[in-house]
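Residue-level listing of the chains:
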Amino acid sequence: NSALIKGLKTGIGELVIERTGDKIAEAIYFGSGGLEVYLLAEVDTAKEKVRLEKEFVNLEEYITKLEAELDNQEFIAKAPPALVEKKKQNLAQTKTELEKIKERLSNS
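Because the structure is a prediction, the values reported are computed rather than measured.

Peer 1: Could you give me a rundown of the overall build of the protein, with the residues and numbers involved?
Peer 2: Per the secondary structure count, the protein includes four helices and two strands. Going from the N terminus to the C terminus, the protein shows its helices and strands as α-β-β-α-α-α. Here the protein holds 108 residues, and 17% of them are scored as buried. The contacts of the protein with a sequence gap of at least 6 include a subset with a gap of at least 24, amounting to 45%. When the accessible surface of the protein is summed, it comes to about 8,700 Å², and 54% of that surface belongs to carbon and sulfur atoms.

Peer 1: Would you mind going over helix α4 (residues 81-106) in detail, with residue names and values included?
Peer 2: The α-helix advances 3.6 residues per turn, and as a result positions three or four apart in sequence lie on the same side. Under the 1.5 Å per step criterion, the end-to-end length of α4 is 38 Å for 26 residues, consistent within 8% with the ideal 38 Å. Listed as buried for α4 are Val84, Lys87, Asn90, Leu91, Thr94, Leu98, Ile101 and Leu105. Taken together, the buried residues of α4 touch α2 (45-71) and α3 (73-78).

Peer 1: Please provide a residue-by-residue account of the packing of α2 against α4, values included.
Peer 2: The geometry of α2 relative to α4 is characterised by a closest axis approach of 9 Å and an angle of 155° between their N-to-C directions. The angle between the axes of α2 and α4 places the two elements in the roughly antiparallel class. Handedness of the α2/α4 crossing: left-handed. For the contact of α2 with α4, the residue count by class is twelve nonpolar, two polar and 14 charged.

Peer 1: So what about the nonpolar core? Which residues, and what values?
Peer 2: Core analysis: the largest hydrophobic core is formed by twelve residues, namely Leu52, Phe56, Leu59, Ile63, Leu66, Leu70, Ala79, Val84, Leu91, Leu98, Ile101 and Leu105. For this core, the secondary structure elements donating two or more residues are α2 and α4. Counting residues per element, this core draws most heavily on α2, which supplies six residues. Excluding anything up to four places from it in sequence, valine 84 contacts Leu70, Phe75, Ile76 and Ala79.

Peer 1: Account for the pattern of salt bridges, with residues named and values stated.
Peer 2: If you walk through the whole model with that rule in mind, you get seven salt bridges. Three or more residues are tied together by salt bridges with common partners; here these are Glu48, Arg51, Glu55 and Arg104.

Peer 1: Run through α2, naming residues and quoting values.
Peer 2: For α2, with 27 residues, the first-to-last C-alpha span of 38 Å sits near the 39 Å given by 1.5 Å per residue. Burial in α2 covers these residues: Glu48, Leu52, Phe56, Leu59, Ile63, Leu66 and Leu70. Looking at the packing, one finds that the buried side of α2 touches α3 and α4.

Procedures and definitions
- Residues numbered from 1 in each chain as written.
- Predicted model: local features only at pLDDT ≥ 70, side-chain atom pairs only at ≥ 80, totals over all residues.
- Heavy atoms only, no water.
- Helix = DSSP H or I, 4+ residues; strand = E, 2+ residues; numbered from the N terminus.
- Buried < 20%, exposed > 50% of the residue type's maximum accessible area, 1.4 Å probe, protein only.
- Contact = heavy atoms within 4.5 Å.
- Areas by Shrake-Rupley, 256 points an atom, 1.4 Å probe, with all protein chains shown as cover.
- Expected span 1.5 Å × (residues − 1).
- Axes fitted to C-alpha atoms, helices over the stretch in contact; angles between N-to-C directions.
- Parallel < 35°, antiparallel > 145°, perpendicular 65-115°, else oblique.
- Left-handed = near helix turned anticlockwise from the far one by under 90°.
- Nonpolar A, V, L, I, M, F, W, Y, C, P; charged D, E, K, R; others polar.
- Core = buried A, V, L, I, M, F, W, Y, C linked by side-chain atoms within 4.5 Å.
- Salt bridge = Lys/Arg side-chain N within 4 Å of Asp/Glu carboxyl O.

This is the structure:
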């Protein structure tokens, strides 16, 4: 897989794939479905901080919206249980993402 990724003309000079490892504070991070990706490159830290702050605000707004829906007893009574459960899962996941961003902002 390493050779395939490097061959995609992404500009990746070095690629390390590990099953487990330490978090890399100075890396650009994103995660999805249990996969964590850390990109090491020259990063404009000021732009990255602005991006993280914007994402933080967006996630806070989304959390507020989800909490309002889940606090609405009329919504809970009428919505299919699977939808309510999905919104609860989204809320928990979004709160986790928000905490990760908060941590990154405190380290920058």
